[in-house]
Amino acid sequence: MGEFFIKRQEPKKDVNATTTSSYAPPTTKFTGQQLFYLLCLDGIGGMVFSAGINLTTAYVMYRAANDSSIPIRLFHLPITLAGDAAVTIIAHCISTWFIKYGLVPFDLRRRLVQPIGFINEPVSKAMRWYMFLSPRRGSRIEPVRINSFKLAAQHAMKVFVLAVAFFIIFWPASVGALTAFGVRDRDEYTYDTIWSDLDGRPIKENKDSRENEL
């Protein structure tokens, strides 16, 4: 994880020579190539990939839904939007972690992108642990591999930390936003299986009529 951020050093002090010799020289500022890599390939590419995960999850979860026997609810199973949001966040974190684990070192070794050399190594032990760096600053940066159960467990633990952080931020916000589109039924919200005006009436009018029936 720390391979993309390699501090530029003088050749005689280059403690990373054995691990970074196949890489392009680190940069002292952002280059157009790096911005394209981060914003376009990672940013837009990540959004397209996330959309694919969302579409797949939605198709599997909601294709059997109907308004009577299997309604779409916010919290209660079997079809729950809150559960969908939780699964999606975790799936995104896991998939992004391992995809980048494979792609970033590959792109660096092929010199498709230069390492970033102007960002200092993290100082805190927690951040160094999270980025697979040695506890002591200035030590040689070793390639991150998954060639043992211990290393696989470390990756799993760090993915879990990432997933928890994003869950705390995005899950409550997602659930809060979804309450605006549901029909309140005591401590639950229900949703139409098709959010479109199929009967010629505005969606808001359909929603109001359902609330009156309840």
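Scroll up a little and you will see the structure.
Below or above, wherever it landed, is the structure these notes cover. (Residues numbered from 1 in each chain as written. Predicted model: local features only at pLDDT ≥ 70, side-chain atom pairs only at ≥ 80, totals over all residues. Heavy atoms only, no water.)

Structural notes on the nonpolar core
What counts is decided by this rule: Put simply, a nonpolar core is a bunch of buried Ala, Val, Leu, Ile, Met, Phe, Trp, Tyr and Cys residues held in one set by side-chain atoms that sit within 4.5 Å of each other. Exposure classes here rest on a 1.4 Å probe applied to the protein chains alone. A residue is buried below 20% of its type maximum, exposed above 50%, and partly exposed in between. Working rule for contacts: check all heavy atoms of both residues, and any pair within 4.5 Å makes them a contact.
Counting eleven residues, the largest nonpolar core is built from Tyr62, Ala65, Ile72, Leu74, Ile79, Leu81, Ala82, Val175, Leu178, Tyr189 and Tyr191. Not counting the four nearest positions on each side in its chain, Ala82 is found in contact with Leu74, Phe75, Trp171 and Val175.

Focus on unusual backbone geometry
Definition in use: Runs of E in the DSSP output that reach at least two residues are strands. Runs of H or I that reach at least four are helices, and both are numbered from the N terminus.
Note the cis peptide between Leu77 and Pro78, where omega equals 10 degrees. Structurally, Pro78 is set in the loop between β1 (72-73) and α3 (81-109). A positive phi angle, close to 60 degrees, is found at Arg186, a residue other than glycine. Looking at where Arg186 falls in the secondary structure, it is placed in the loop between β2 (183-185) and β3 (188-191).

With respect to the pattern of salt bridges
For clarity, the threshold we go by: The term salt bridge refers to a pairing of a side-chain nitrogen on Lys or Arg with a carboxyl oxygen on Asp or Glu at a separation within 4 Å.
Under the counting rule described, the total for this entry stands at two salt bridges. The salt bridge partner of Asp42 is Lys100, with a shortest N-O separation of 2.4 Å. Of this pair, Asp42 sits in helix α2 (residues 32-62) while Lys100 sits in helix α3, placing them 58 residues apart in sequence. A salt bridge links Glu121 to Arg128; the shortest N-O distance between them is 3.0 Å. Since its relative accessible area comes to 14%, Glu121 is described here as buried.

In short, shape yes, function no, at least from these values alone.
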